[in-house]
Structure formats: C-alpha cells, structure tokens
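Close look at the chain arrangement
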Amino acid sequence: MTIAAVLTAAGSGTRLGHTLPKALVPVSGEPLVVHAARALLAARTADGAAVSQLVVTAPETHLDVVAALLDDVVDAAAAEVRLDVVGGGRTRQESVAAGLAELTDDVDVVLVHDAARPLVPADLVARVADAVRAGHVAVVPGLPVVDTVKRVGQGDERGRPVVETVPRADLVAVQTPQGFDRDVLERAHAVGTGRGASEATAASDDAGLVEATGVAVWVVPGDERAAKVTTARDLLVAQALTTGALA
Ligand code: CTP
Ligand code: MG
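The structure reproduced in this document is the subject of the present report. Because the structure is a prediction, the values reported are computed rather than measured.

**Some thoughts on the overall build of the protein**
- A tally of regular secondary structure across the protein gives seven helices and 12 strands.
- The C-alpha extent of the protein, read off along each of the three principal axes, is 55 × 40 × 35 Å.
- Out of the 247 residues in the protein, the part that is buried amounts to 41%.
- Summarising the internal contacts of the protein: among those between residues at least 6 apart in sequence, 72% fall at separations of at least 24.

Shown next as structure tokens:
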C-alpha cells in the first residue's frame, strides 16, 4: 500500500475573517497547515505504512510560503516523503482535483484532509487508512450529531417552516481525513468535474462525489479533536486545546 495525502489549504477563510488565508493563520505559533501536515506524516497504519507523498493545495499568492513551511515539516518527518505544493482551484472540489493530478504512479490509497482541521490526531488518520486497506474503497470519519436536526422548506421574512425532524440516530457529522482507493476517487472526480466550478454546485466533501458514482462509502469513528476551524470562535478553541487550557 502506497499512501498519499492531499492536504487542502487553498481557501481564503472568509468566515474566519483573518488577514491571512485561513491555512496560514497560527495556532500556538504555527499555521494550521503545519499542524495538519505534521499529523498526517506522523500516522502509521497497523502494518507500519506512512504517507509517502504529501500534495498541498495552496493559494496562488502564497505558494512559496507554504512550500517553505512544509519543507521543514517534511524534513523533520521520520519517513521519506515527497512534497508537492500546487495552486488551488475556485472551489475545494477543484483544489482536490488539482492535487490528485500530482499523484505519482505508485500511489494506491489517497487521504484527503483539510488544513482547516489542524488538530486531527495521527491515530484517526491511521484508522481511516487501515479501513481502506481492509477493503472499504471509500472511508470517512464521523461523529454522532448532538443537535436535533430538522429539514425546512421555503419560508418568508418571518422564518421557514419545518418539513420534518430527521431521526438523529441515523445521522453522523463527517470529518476529514477521508480515505479512498485511488482509482475510485479519481473516477468520482472525473464524473463530478462539471459540478466543481461554483461554490453552489461543488461537492463539499470527496465522499459525496464517490456516493454520486454509486460506490459505497463507510463511516469509521471520528474524533472531536479533528474539529473544523471555520470561525474565530473555533480558532480560540483550537488555541485553548493546544495550550492545554481546555485539554
Ligand atoms: N479549500 C481549498 N480550495 C478552495 C476552497 C477551500 O483548498 N478553493 C480548502 C480550505 O483551505 C480548507 C478546506 O478546503 O482547508 C475546507 O474549506 P473551508 O473550511 O470552507 O475553508 P475556506 O474556504 O478557506 O473558508 P471560507 O469558506 O470561510 O472562505
Ligand atoms: Mg470554503
């Protein structure tokens, strides 16, 4: 099994509202993308395999900065890692597609991870890779949904009508890394290319593209520490977790 990771870091971070692109915003003195890359490279599967190629999608304006930061992470890694830094697309889906185009021929398992989930534990990365190795061609980490979730219809300025309450036991909130057999993921991206151009139609995760091709996607237990940094509040939580204030 030869494992590559595509680390998406090309977003601007509009909802975070920082002057830097989100992946370059520091938590405990280090950018989100550095934390995320380190976790990916620290992971070891049950049979000792590590990520051997790391492809990072970065904003076109920050390619050199990201490459310099990640050169250091790769140099410090225990195993040999090939690093590629590529410009991202207009949407996350297009960025992942750009990352997939960089994979070397020998790669057969691909993990796709968001730099926006900087504190992902290495053992979650390994759990996803192990599940792919065990025969599931598409694997996502998921956590139980804690809120009651309702489907709503078209409303007016006073609000929106509830259509139904979705049984919570049937729901999981999905995280990254998501793990795939390389051929399955490449085919799903090829089929979904047309959707990828605009935020309104693009898939918000890679498993969604795979589902659309009729291939079964499996869920393994996620981890709260892999939470996504979207808003300033999330950044504060990540900061507190890394300094031990909330640990
Ligand atoms: N991403 C990417 N290319 C894009 C858009 C997003 O590589 N064109 C990456 C982001 O860098 C992030 C991940 O996809 O690691 C998840 O995206 P999100 O959390 O939405 O980040 P941003 O798009 O940067 O944030 P926002 O939507 O608030 O602008
Ligand atoms: Mg976004």
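And the narrative resumes.
**A look at the nonpolar core**
- Ranked by size, the top nonpolar core spans 67 residues in total, and within it Leu7, Val33, Ala37, Leu40, Val51, Leu54 and Val56 carry the most contacts.
- It is helix α1 (residues 32-42) that contributes the most residues to this core, eight residues altogether.
- Excluding residues that lie within four positions of it along the chain, Ala37 makes contacts with Leu7, Leu54, Leu70 and Val73.

**With respect to the site of ligand 1**
- Taken together, 23 residues sit near ligand 1, with Ala10, Gly11, Thr14, Arg15 and Ser95 positioned nearest.
- Across the shell around ligand 1, the residue classes break down as six nonpolar, 11 polar and six charged.

**Here we look at helix α7 (residues 232-243)**
- Over its 12 residues, α7 extends 17 Å from the first C-alpha to the last, a length consistent with the 16 Å expected when each residue adds 1.5 Å.
- Of the residues flanking the end of α7, it is Gly244, one or two places downstream, whose phi is positive at about 90 degrees.

Thresholds applied
- Per chain, residues are indexed from 1 in the order of the written sequence.
- Numbering of ligands from 1 and lettering of chains from A proceed in the order in which they are written.
- At least 70 in pLDDT is required for a residue's local features to be given in this predicted model, at least 80 for side-chain atom pairs to be given and counted, and no such filter applies to totals for whole chains, interfaces and linings, which use all residues.
- A helix here means a DSSP run of H or I that spans at least four residues, while a strand means a run of E at least two residues long, and both kinds are numbered starting from the N terminus.
- Think of it as a crowd count around each C-beta: if 20 or more other C-beta atoms lie within 10 Å the residue is buried, if 12 or fewer it is exposed, and in between it is partly exposed, with C-beta placed from the backbone throughout.
- Once C-beta atoms are placed from the backbone, any two residues with those atoms within 7 Å are in contact.
- The term nonpolar core refers to a group of buried residues, namely Ala, Val, Leu, Ile, Met, Phe, Trp, Tyr and Cys, whose C-beta atoms join them within 7 Å.
- Near residues are defined by distance alone, with the backbone-placed C-beta atom required to lie within 6 Å of the molecule or strand.
- Any residue outside Ala, Val, Leu, Ile, Met, Phe, Trp, Tyr, Cys, Pro, Asp, Glu, Lys and Arg is labelled polar, Gly included; the first ten of those are nonpolar and the last four are charged.
- Multiplying 1.5 Å by the helix residue count minus one yields the expected span of that helix.

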